[in-house]
Amino acid sequence: MQKESFHIVIVDDDVSLGKAMTETLTRAGFKVTHVTKPDEALNLVKIQAVHAVIIDCMLPKMSGTELGKRIRKEIGDELPIIMISGIYKDKGFQREAVQATKASAFLVKPFEMKDFLDAVTANFKPQVDEPLSMIHQFMAKQDVMAKERIRAV
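Residues numbered from 1 in each chain as written. Predicted model: local features only at pLDDT ≥ 70, side-chain atom pairs only at ≥ 80, totals over all residues. Heavy atoms only, no water.

Caption draft 1: Just the overall build of the protein chain, in detail. Along the backbone of the protein chain there are seven helices and five strands. For the protein chain, the sequential pattern of α-helices and β-strands runs β-α-β-α-β-α-β-α-β-α-α-α. Within the span of the protein chain, comprising 153 residues, buried residues form 40% of the whole. Across the protein chain, contacts joining residues at least 24 apart in sequence account for 62% of those joining residues at least 6 apart. Summing over all exposed atoms, the protein chain offers an accessible surface of approximately 9200 Å²; the carbon and sulfur share of this is 54%. (Helix = DSSP H or I, 4+ residues; strand = E, 2+ residues; numbered from the N terminus. Buried < 20%, exposed > 50% of the residue type's maximum accessible area, 1.4 Å probe, protein only. Contact = heavy atoms within 4.5 Å. Areas by Shrake-Rupley, 256 points an atom, 1.4 Å probe, with all protein chains shown as cover.)

Caption draft 2: Spatial organisation of the side chain of Lys 109. By the element assignment, Lys 109 lies in the loop between β5 (105-108) and α5 (113-121). Only 3.1 Å separates the side chain of Lys 109 from the side chain of Asp 12, close enough to count as a polar contact. The residues contacting Lys 109, other than those within four sequence positions of it, are Asp 12, Leu 17, Asp 56, Ile 84, Ser 85, Gly 86 and Lys 89. (Polar contact = N/O pair within 3.5 Å; in protein donor to acceptor, adjacent residues only side chain to side chain.)

Caption draft 3: View of helix α1 (residues 15-27). An ideal rise of 1.5 Å per residue puts 18 Å on 13 residues; α1 measures up with 18 Å between its terminal C-alpha atoms. Among all positions in α1, only Leu 17, Gly 18, Met 21, Thr 22, Thr 24 and Leu 25 are buried. Along the axis of α1, the buried positions cluster into a sector of 160 degrees, meaning they face one direction only. Residues of α1 that are exposed and point more than 90 degrees away from the buried face comprise Ser 16, Lys 19 and Arg 27. Contacts made by the buried residues of α1 are with β1 (7-11), β2 (31-35), β3 (52-56), β4 (81-85) and α5. Gly 29 sits one or two residues past α1 and shows a positive phi near 110 degrees. (Expected span 1.5 Å × (residues − 1). Arc of directions from axis to C-beta.)

Caption draft 4: A look at the packing of aromatic side chains. Overall, the coordinates contain four aromatic pairs when judged by the stated rule. Taking the centre distance of 6.4 Å and the plane angle of 80 degrees together, the rings of Phe 93 and Phe 106 count as edge-to-face. Of this pair, Phe 93 sits in helix α4 (residues 91-101) while Phe 106 sits in strand β5, and the two are 13 residues apart along the sequence. When the ring of Phe 111 is compared with that of Phe 116, the centres are 5.6 Å apart and the planes differ by 20 degrees; the resulting orientation is stacked. Every member of this aromatic cluster is reached through a ring pair, and the members are Tyr 88, Phe 93 and Phe 106. (Phe/Tyr/Trp six-rings, centres within 6.5 Å; stacked < 30°, edge-to-face > 60°.)

Caption draft 5: Representation of the sheet that holds β2 within the structure. Taking strand neighbours across the sheet as the criterion, the five strands line up as β2-β1-β3-β4-β5 in an open arrangement whose pairing is parallel. In this open sheet, the two edge strands, each paired with only one partner strand, are β2 and β5. Put simply, the sheet's adjacent strands are angled 15 degrees from each other on average, direction ignored. Pairing between β1 and β2: five bridges, direction parallel. (Pairing = 2+ DSSP bridges. Axes fitted to C-alpha atoms, helices over the stretch in contact; angles between N-to-C directions.)

Caption draft 6: Just the pairing of β1, in detail. Among the five residues of β1, five are classified as buried, and the element is accordingly described as predominantly covered. Across the two faces of β1 the burial is the same, with His 7, Val 9 and Val 11 and Ile 8 and Ile 10 all buried. Where the polypeptide runs from β1 across α1 and back to β2, its parallel neighbour, the crossover connection is right-handed. Both β1 and β3 contribute to a ladder of four bridges, which runs parallel. From the neighbouring strand, Val 9 faces β3, where its bridge partner is Val 53. (Right-handed = clockwise from strand over helix to strand, strands pointing away.)

So, to be careful, I would describe these as geometric facts and stop short of saying anything about function.
Dropping the structure here:
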């Protein structure tokens, strides 16, 4: 499956960080939806195919941990969830949040976008079909004669 087929939802009420995360994942080739409220995220996962959710621990009206649990109940255990927080830096809280939501990672804000991208893509490595190089595309064509293949090499 190509990266653009993966739909990732970001749930963070910090609009500027949400935009930065969205831009990072979009540039990497993913389809991304950023929402600021937990209810929006719950509605989204009910009506659209979602392949991963990134959740801030501190959200309005519902904690990120509670949202993660509710998404798990709705979608199941296969969906990758990444928890993020700038307030909860305590290792004990992080461990409890990861266990409660069965998250694949917990990132502490502020984080480098490279580390964020690495944490997200780690969930999809076995499923993502990397684009073929030009030579591989050429060699895979059915209508190419053997002479042309040899000349290309």
